[in-house]
Amino acid sequence: MLSIVSARFVKSAVHAKDFPIVDLPEFAFFGRSNAGKSSLINLLLNRKQLVKTGSTPGMTNTINFFSVNETRLHDAFFVVDLPGYGFAKVKKHDINAFNAMLSEYCTQRTNLKCVFLLMDIRRPPSNVELDIVNFFIELKKRFCIVATKCDKLPKAEQHKQVKALTDFFSLSHDQLIMTSTLKKIGREHILRIIQQELI
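Bear in mind the structure is a predicted one, so any value in this text is a computation, not a measurement. (Residues numbered from 1 in each chain as written. Predicted model: local features only at pLDDT ≥ 70, side-chain atom pairs only at ≥ 80, totals over all residues. Heavy atoms only, no water.)

> I tried to follow the sheet that holds strand β3 (residues 63-68) on my own but got confused; where do I start?
Across a sheet, paired strands are connected by hydrogen bonds in the backbone, their directions being either parallel or antiparallel. Read across the sheet, 7 strands follow the order β1-β3-β4-β2-β5-β6-β7 without closing on themselves; strand pairing throughout is mixed. The two strands at the open ends of the sheet, each matched to only one other strand, are β1 (7-13) and β7 (176-178). Within this sheet the neighbouring strands show an average axis-to-axis angle of 25°, counted without direction. Taken together, the 7 bridges between strand β5 (residues 112-120) and strand β6 (residues 142-148) define a ladder with parallel strand orientation. Note that in β6 the partner of F116 across the bridge is C144. Strand contacts of helix α3 (residues 127-139): β2 (26-31), β5 and β6, with the helix running at about 170° to β5, the strand carrying the most contacts. Each of β5, β6 and β7 is contacted by helix α4 (residues 155-169), which is oriented at about 160° to β7, the strand it contacts most. (Pairing = 2+ DSSP bridges. Helix = DSSP H or I, 4+ residues; strand = E, 2+ residues; numbered from the N terminus. Axes fitted to C-alpha atoms, helices over the stretch in contact; angles between N-to-C directions. Contact = heavy atoms within 4.5 Å.)

Right, here's the structure in full:
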């Protein structure tokens, strides 16, 4: 299993010209506002407050880069925290700027190895998520759907939601990851995927 020995914030950016100049694999985390993205990244990197968390949706409005295992030649990589989408109070011109920022990152970042698309397991998928998945497919970028907050549902309801997600996106079960930051579920699954891309 991939070990996390170090993790630090590097910088925030909005435009490609400000992205860090690195030749390391990157793994991006993306999702609807309040899907639990910051908490999951903190769990993944075994840090409590590396990524700011809060009860207010839409806290992340820049692309945030984190260097992981930078002293370990074969295990070094970047985690990228992408802004959440779907925050109702965002103005239309901000949404357009947001879409341009995400498109620029995904199309120009050649070292992007996988995008983890987070969805609250209690929320039904929509055409917004379907468009996002199709965008990744067109770019030929690997992606995984991450069903967050699975501790909020009983087992039977979890299985029903998993089937709904895999059917909606036409995914195999290995493309969907169940997570719970409260019960620390899903961390090893995500680390295995990252490790596969580092080999």
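> What am I meant to see in the confidence of the model for the chain here?
Close reading of the predicted structure is inappropriate where its pLDDT is low. Scored by pLDDT, the chain has a mean of 87; 89% of the residues are at 70 or more. The least confident element of the chain, judged by mean pLDDT, is helix α2 (residues 92-108) at 73; the most confident is strand β4 (residues 77-81) at 96. Confidence over residues 87-95 falls short of pLDDT 50; this stretch has 4 contacts with residues more than four positions distant or in other chains. (pLDDT = per-residue confidence, 0-100.)

> What's the story with helix α5 (residues 187-198) in this structure? I'm lost.
Helical geometry note: an α-helix holds 3.6 residues per turn, so side chains three or four residues apart project in the same direction. Look at α5: 17 Å from first C-alpha to last across 12 residues, which is about the 16 Å you get at 1.5 Å a residue. Looking only at α5, the buried set comprises I190, L191, I193, I194 and L198. Down the axis of α5, the smallest arc covering the buried residues is 155°, so these residues share one side. (Expected span 1.5 Å × (residues − 1). Buried < 20%, exposed > 50% of the residue type's maximum accessible area, 1.4 Å probe, protein only. Arc of directions from axis to C-beta.)

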